[in-house]
Amino acid sequence: MNFADTTGSTGLFGAQPNPTALVPLVTGGLALALVLSGAPWRLARNIVTIVHEGGHAVIAVLAGRRLEGIRLHSDTSGVTLSRGKPNGPGMAMTALAGYPASAVLGLGFAGLVAANRITVLLVIAALLLLGVLVMVRNAYGVLSVVLTAAGLALVALVAGPEVQAWFVYLISWFLLFSGIRPVIELASKRRRGHARDSDADQLARLTGLPAALWVLIMVVIGLSCLVVGGAWLLEPALRS
């Protein structure tokens, strides 16, 4: 990654100023504390659910399936409905896309943050939320996406560059860390005999490979994104 060294903004596609070393360190600690917390995590997990179901939806469309809708629930569960061939690589990739979506999106955001493209990141986040909102088919889902979009709009339109920098670092770290905890929770539920219709179990039925292997693959994807994305986000601190 080639990190820009700039001192001023040059518009939407230009680079924003480099943050101080304190920003990635503090936001990383806050994001980790949030992901490891109790009640705050359960609230923040609604964002993870939006990203999770959005991941299913994007891959379903790319695989040539017909996307019928997304439902988000107050218990932070969700479902993405698509129509197409009930088996094969397209269906398998659609089933796999949910859990790694947060980590992969966090990796993409970390790359934009490292290149100082904060404004571009905010625009992409807004477009992704708009795409999910169009496909949501229940009231709670619409409320969740609208509230998330409102928070994003508040930062993008009202906050200054310094506050925006803190925000995008925090959300990037949060997405990277939140790519791990839901998979660990899934593994724990499966050990207790629950969640037997999870994405991993669907993948097992589709591919013939054990569900535990798919859980391991999800963990590896999440950890890989965290290591690479975390290195990009920490670059200002390492450089100082």
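In case you missed it, the structure is sitting above this.
Residues numbered from 1 in each chain as written. Predicted model: local features only at pLDDT ≥ 70, side-chain atom pairs only at ≥ 80, totals over all residues. Heavy atoms only, no water.

## Brief notes about the layout of surface pockets
Part 1: In this structure, the largest pocket occupies an estimated 960 Å³ of space.
Part 2: Contributing to the lining of the largest pocket are 39 residues, with I50, V51, L105, L128 and L175 lying nearest its centre.
Part 3: Mapped by element, the contributors of at least two residues to the lining of the largest pocket are α2 (39–62), β1 (66–72), α3 (89–96), α4 (101–114), α5 (118–135), α6 (139–158) and α7 (161–177).
Part 4: Here the residues of the lining of the largest pocket sort into 34 nonpolar, 5 polar and no charged.
Part 5: Within this model, the second largest pocket holds a volume of roughly 750 Å³. (1 Å grid on protein atoms, 1.4 Å probe; cavity = no way out; pocket = protein on both sides within 12 Å on 5 of 7 lines; lining within 4 Å. Points joined across faces, edges and corners; volume = space filled by probe spheres on them. Helix = DSSP H or I, 4+ residues; strand = E, 2+ residues; numbered from the N terminus. Nonpolar A, V, L, I, M, F, W, Y, C, P; charged D, E, K, R; others polar.)

## So, α6
Part 1: Its 20 residues place the ends of α6 28 Å apart at the C-alpha level, agreeing with the 28 Å of an ideal helix rising 1.5 Å per residue.
Part 2: Buried within α6 are the following residues: G141, S144, V145, L152 and V155. Down the axis of α6, the buried set is contained in an arc of 90 degrees. They therefore lie on one face. Residues of α6 that are exposed and angled more than 90 degrees away from the buried face: A139, L147, L154, L157 and V158.
Part 3: As for α6, its buried residues are in contact with α2, β1, α5 and α7. (Expected span 1.5 Å × (residues − 1). Buried < 20%, exposed > 50% of the residue type's maximum accessible area, 1.4 Å probe, protein only. Arc of directions from axis to C-beta. Contact = heavy atoms within 4.5 Å.)

## Overview of the side chain of T76
Part 1: Within the element layout of this structure, T76 appears in the loop between β1 and β2 (78–83).
Part 2: Here T76 falls in the buried class, since its relative accessible area comes to 16%.
Part 3: Ignoring sequence-local partners within four residues, the contact set of T76 consists of R42, R45, N46 and T49.

## Structural notes on the packing of α2 against α6
Part 1: In contact at an axis separation of 10 Å, α2 and α6 are set at 105 degrees when each is read in the N-to-C sense. Considering their axes alone, α2 and α6 lie roughly perpendicular with respect to each other. Every residue of α6 that contacts α2 at N46, I47 and I50 is listed here: Y140, S144, V145 and T148.
Part 2: Counted by class, the contact of α2 with α6 contains 4 nonpolar, 3 polar and no charged residues. (Axes fitted to C-alpha atoms, helices over the stretch in contact; angles between N-to-C directions. Parallel < 35°, antiparallel > 145°, perpendicular 65-115°, else oblique.)

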